[in-house]
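Understanding the architecture of this molecule
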Amino acid sequence: MLRFLRNFKYYAWHEVRRGCSAVATSDLSDVHLVLPTVWPSELTKRIHPLPVPDLIEKFSCDAPGGQFATMSEYLRSDPRPDAVLLPEEIDLHRKMSMDDLNSYMHAKDAFKEPHRKNRIFSHVLVVAGADSARSSPFRQRPEFLYFCDCLRPGAALVLTRSRKRRTSALLFLSQEVDSQLCTIFSHMHYVDDVLPLAMLKKSLHWLLRDHSPELWHFYEPSSPVSFIVQEVANEAKIAMCNPRYILQYTRTVKTSRELRALRRANAIAADSMAEVITQHHQNPQELAALFDYKCHMRHARPDGTKISCGIDGKGLWQMDAGCQYGGYEGGLARCWPSSGRFTPPQKMLYGALLDMRRDLCSLIKYAGSEGAVRTPLELHAAYLILLARHLRELRVLPKGVRSAAETVEVACKYNCSPVVVSHVGLGKRDTSRRLLDYPFAPGNVVSLRLSISIPDDCCQAYPEFRGILCQLGDTLHIRDDSVELLTAACPSEPQDIEVCLPASRIRSHRLRNDGDQNGSCDTLQLHGFRDCN
């Protein structure tokens with residue numbers, strides 16, 4: 001019986017091996033693989049597969065529709081976040097803006113009819129978000145981000161305030177949303193309701209139907225939201241008011257959370273530039289890439305379009321850069337010598353910038369008092385007068401009796417910044433000409449950009465000064481009785497900059513080694529002299 005079982009197993013295994021070899025040597029067309037049929041569900045029918053490049057663009061953190069729908073989500077990677085766009089902060093922003101719009105209407109009504117009692121106004125404010133741009137990373141508009149923590153492209157926000165001071169917020173998205181997504185997005189972006197953008201026109205007609213509210217919107221010809229708002233205003237026969245300057249003035253006064261975010265953004269920019277100065281670099285692209293990397297390591301988002309750097313003909317590196325943290329931007333400008341030491345003409349021009357910064361900070365500190373500057377435009381004129389005085393001391397401008405207008409006109413030729421002082425908030429360049437006429441106030445954060453450029457063909461200047469460009473930029477916080485320098489972490493004094501430069505460190509190391517060798521040689525000579533004696 002046992003022998004029979006062994007023989008059966010042997011012949012069975014032999015037949016299996018013969019069958020496998022026959023299948024392996026057969027033609028591949030004889031082998032048929034049959035998979036089970038899976039019927040697609042309703043969900044899979046609605047999903048359209050995308051190619052890999054589109055998937056990468058869709059789900060990258062900087063692309064439209066990326067993984068970060070809010071600024072709060074973006075800051076989750078920071079172990080010590082300074083979030084600003086919280087529900088209570090957004091409520092405060094909306095209340096301040098609506099109060100300023102109401103105050104403007106009261107002032108306008110009192111000017112037209114002085115003897116009439118104050119009316120109670122209702123308001124409808126429409127703010128358009130940024131559209132998606134495939135050529136560059138998506139950046140939400142500052143005026144939209146001020147009222148709503150939403151990083152989705154093509155959105156629109158409608159804020160309403162009734163005569164009973166009841167406020168509401170409606171968010172319109174370019175994508176279709178169902179009831180479940182509406183509930184999720186309402187809590188995520190802190191609004192009362194989320195609707196598709198196709199319902200914006202119908203919703204505005206419904207809001208403007210009763211109580212004849214004031215319609216506010218900044219019109220842009222290329223914006224589809226502006227086209228809808230203009231069409232609704234024409235059909236309802238209501239004037240559309242421009243809230244741009246009023247909202248800009250509201251945003252100039254910073255809250256405590258905004259100040260913390262601005263301090264953090266400027267500290268990151270200053271620390272990053274201080275580390276860039278200490279590194280050895282060959283070209284401007286390497287300089288910008290290094291600053292970009294340093295900001296990313298500190299959980300900030302540098303803006304490549306606002307980073308300008310290069311080297312002039314006299315060997316001075318120039319860099320004007322900034323970054324964004326929590327939606328708030330900070331930046332500064334510095335220059336440093338590639339050789340490791342400032343030449344005497346470079347140090348004299350750079351010292352003039354430091355003196356002017358000190359004098360301008362003193363003028364800002366006493367802004368509003370008798371005889372001091374009150375507005376950014378007046379500070380710009382004071383800077384040009386100080387620049388002309390320093391240029392006369394350096395014999396760049398001839399000493400003569402000139403009027404104030406002539407002095408400012410001549411000094412403009414040696415200045416590279418069209419606007420020396422500008423307000424800083426959610427947008428680095430968000431400063432209009434009308435906003436520069438408003439007086440300084442405690443809580444303002446301003447950017448100061450000073451520069452001196454001596455042209456190559458300036459015959460009245462000494463040859464050593466020709467072709468030199470020096471710039472100095474900082475961010476200042478105006479307090480009640482002082483001015484805070486938010487970018488103090490980056491060195492600005494010439495001796496502090498020279499200590500940080502790699503060429504200066506190499507030179508000092510060589511001098512130290514030469515001194516040690518000379519000291520050892522003197523010791524050997526002294527011992528030899530003693531032996532001879």
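Below or above, wherever it landed, is the structure these notes cover. Quick caveat, the model's predicted, so the values are computed rather than measured. (Residues numbered from 1 in each chain as written. Predicted model: local features only at pLDDT ≥ 70, side-chain atom pairs only at ≥ 80, totals over all residues. Heavy atoms only, no water.)

This part covers the overall build of the protein chain. Scanning the protein chain from N- to C-terminus turns up 17 helices and 14 strands. In the protein chain, which comprises 533 residues, the proportion classed as buried is 44%. Restricting the contact set of the protein chain to residue pairs at least 6 apart, pairs at least 24 apart contribute 66%. Accessible area for the protein chain stands at about 29700 Å²; split by element, carbon and sulfur atoms hold 56% of it. (Helix = DSSP H or I, 4+ residues; strand = E, 2+ residues; numbered from the N terminus. Buried < 20%, exposed > 50% of the residue type's maximum accessible area, 1.4 Å probe, protein only. Contact = heavy atoms within 4.5 Å. Areas by Shrake-Rupley, 256 points an atom, 1.4 Å probe, with all protein chains shown as cover.)

As a further point, take the side chain of Arg449. With respect to the helices and strands, Arg449 occurs in strand 12 (residues 445-453). Arg449 gets classed as buried once you look at its relative accessible area, which sits at 8%.

Taking strand neighbours across the sheet as the criterion, the six strands line up as 4-3-2-1-5-6 in an open arrangement whose pairing is mixed. Since the sheet does not close on itself, it has two edges, and those belong to strand 4 (193-196) and strand 6 (240-241), each with one partner. In this sheet, strand 5 (residues 214-217) lies alongside strand 1 (residues 123-128) in parallel orientation, the contact comprising four bridges. Within the sheet, the bridge partner assigned to Leu125 lies in strand 5 and is Trp216. Against the sheet, helix 5 (residues 87-112) engages strand 1, strand 2 (156-161), strand 3 (167-173) and strand 5, with an angle of about 125 degrees to strand 1. In the packing of helix 7 (residues 179-189) onto the sheet, contacts are made with strand 3 and strand 4, and the angle to strand 4 comes to roughly 120 degrees. (Pairing = 2+ DSSP bridges. Axes fitted to C-alpha atoms, helices over the stretch in contact; angles between N-to-C directions.)

We now examine the pairing of strand 9 (residues 316-325). Burial analysis of strand 9 places 10 of its 10 residues in the buried class, which makes it a mostly covered element. Of the two faces of strand 9, both are covered, the one formed by Leu316, Gln318, Asp320, Gly322 and Gln324 as well as the one formed by Trp317, Met319, Ala321, Cys323 and Tyr325. Of the strand pairs in this sheet, strand 7 (residues 301-302) and strand 9 are connected by two bridges, and their pairing is antiparallel. Bridge assignment links Arg301 to a residue of strand 9, and that residue is Gln324. Pairing of strand 8 (residues 308-311) with strand 9 involves four bridges; the strand directions are antiparallel. Note on strand 9: the bridge partner recorded for Cys309 is Met319. Turn length for the strand 8-strand 9 hairpin, with the two strands adjacent in sequence and antiparallel, is four residues, and the turn residue Gly315 shows positive phi of about 80 degrees. Judged from the 10 bridges that link them, strand 9 and strand 10 (residues 328-337) form a sheet pairing that is antiparallel. Within strand 10, the position partnered with Gln318 by the bridge is Cys335. Counted along the chain from strand 9 to the antiparallel partner strand 10, the turn is two residues long, and its residue Gly326 has a positive phi close to 65 degrees.

Glancing now at the pairing of strand 13 (residues 469-478). Of all 10 residues making up strand 13, nine are buried, and the element is well covered by its neighbours. Bridge count for strand 12 against strand 13 is nine bridges, and the pairing is antiparallel. Within the sheet, the bridge partner assigned to Ser453 lies in strand 13 and is Leu469.

Turning our attention to the nonpolar core. Phe291, Met319, Ile452 and Ile454 are the most contacted members of the largest nonpolar core, which totals 73 residues. Sorting elements by how many residues they give to this core places helix 13 (residues 344-365) first, with nine residues. Counting 26 residues, the second-largest nonpolar core is a separate cluster that includes Leu125, Phe144, Leu157 and Cys241. (Core = buried A, V, L, I, M, F, W, Y, C linked by side-chain atoms within 4.5 Å.)

All of the buried residues in helix 8 (residues 200-207) are Leu200, Ser203, Leu204 and Leu207. On an axial view of helix 8, the arc spanned by its buried residues comes to 100 degrees, and they lie on one face. Set apart from the buried face of helix 8 by more than 90 degrees, the exposed residues are Lys202 and Trp206. Packed against the buried residues of helix 8 are strand 1, strand 2, strand 3, strand 4 and helix 9 (224-236). (Arc of directions from axis to C-beta.)

Scanning the model with the defined rule gives five aromatic pairs in all. Here Tyr104 and Trp216 contribute two aromatic rings whose centre-to-centre distance is 6.1 Å and whose plane-to-plane angle is 70 degrees, an arrangement assigned as edge-to-face. Of this pair, Tyr104 sits in helix 5 while Trp216 sits in strand 5, and the two are 112 residues apart along the sequence. Residue class for Trp216 comes out buried when judged on its relative accessible area of 0%. Considering the side-chain rings of Tyr146 and Phe147, the 5.3 Å spacing of their centres and the 85 degrees angle between planes classify their relative orientation as edge-to-face. Residues Tyr146 and Phe147 agree in their burial class; the two are buried. Between Arg301 and the ring centre of Tyr74, over which it is positioned, the NZ or CZ distance is 5.0 Å. The positively charged end of Arg434 is found above the aromatic ring belonging to Tyr245, 4.0 Å away from the centroid. (Phe/Tyr/Trp six-rings, centres within 6.5 Å; stacked < 30°, edge-to-face > 60°. Lys NZ or Arg CZ within 6 Å of the ring centre and 35° of its normal.)

Inspection of every chain in the model, using the stated rule, returns 21 salt bridges. For Arg334, the salt bridge is made with Asp474, and the minimal N-O distance between the two is 2.9 Å. Placement of the pair is Arg334 in strand 10 and Asp474 in strand 13, with a sequence separation of 140 residues. Residue Asp474 is classed as buried on the basis of its relative accessible area of 2%. Several salt bridges share partner residues, and in doing so they unite Asp355, Arg358, Asp359 and Arg389 into one network. (Salt bridge = Lys/Arg side-chain N within 4 Å of Asp/Glu carboxyl O.)

For the pair helix 13 and helix 14 (residues 376-393), interaxial distance at closest approach is 10 Å and the crossing angle is 145 degrees. Considering how the two elements wind past one another, helix 13 and helix 14 form a crossing that is right-handed. Here Ala352, Asp355, Met356, Asp359, Leu360, Leu363 and Ile364 of helix 13 lie close against helix 14, whose contacting residues are Leu379, Ala382, Tyr383, Leu386, Leu387, Arg389 and His390. A per-class count over the contact of helix 13 with helix 14 returns 10 nonpolar, one polar and three charged. (Left-handed = near helix turned anticlockwise from the far one by under 90°. Nonpolar A, V, L, I, M, F, W, Y, C, P; charged D, E, K, R; others polar.)

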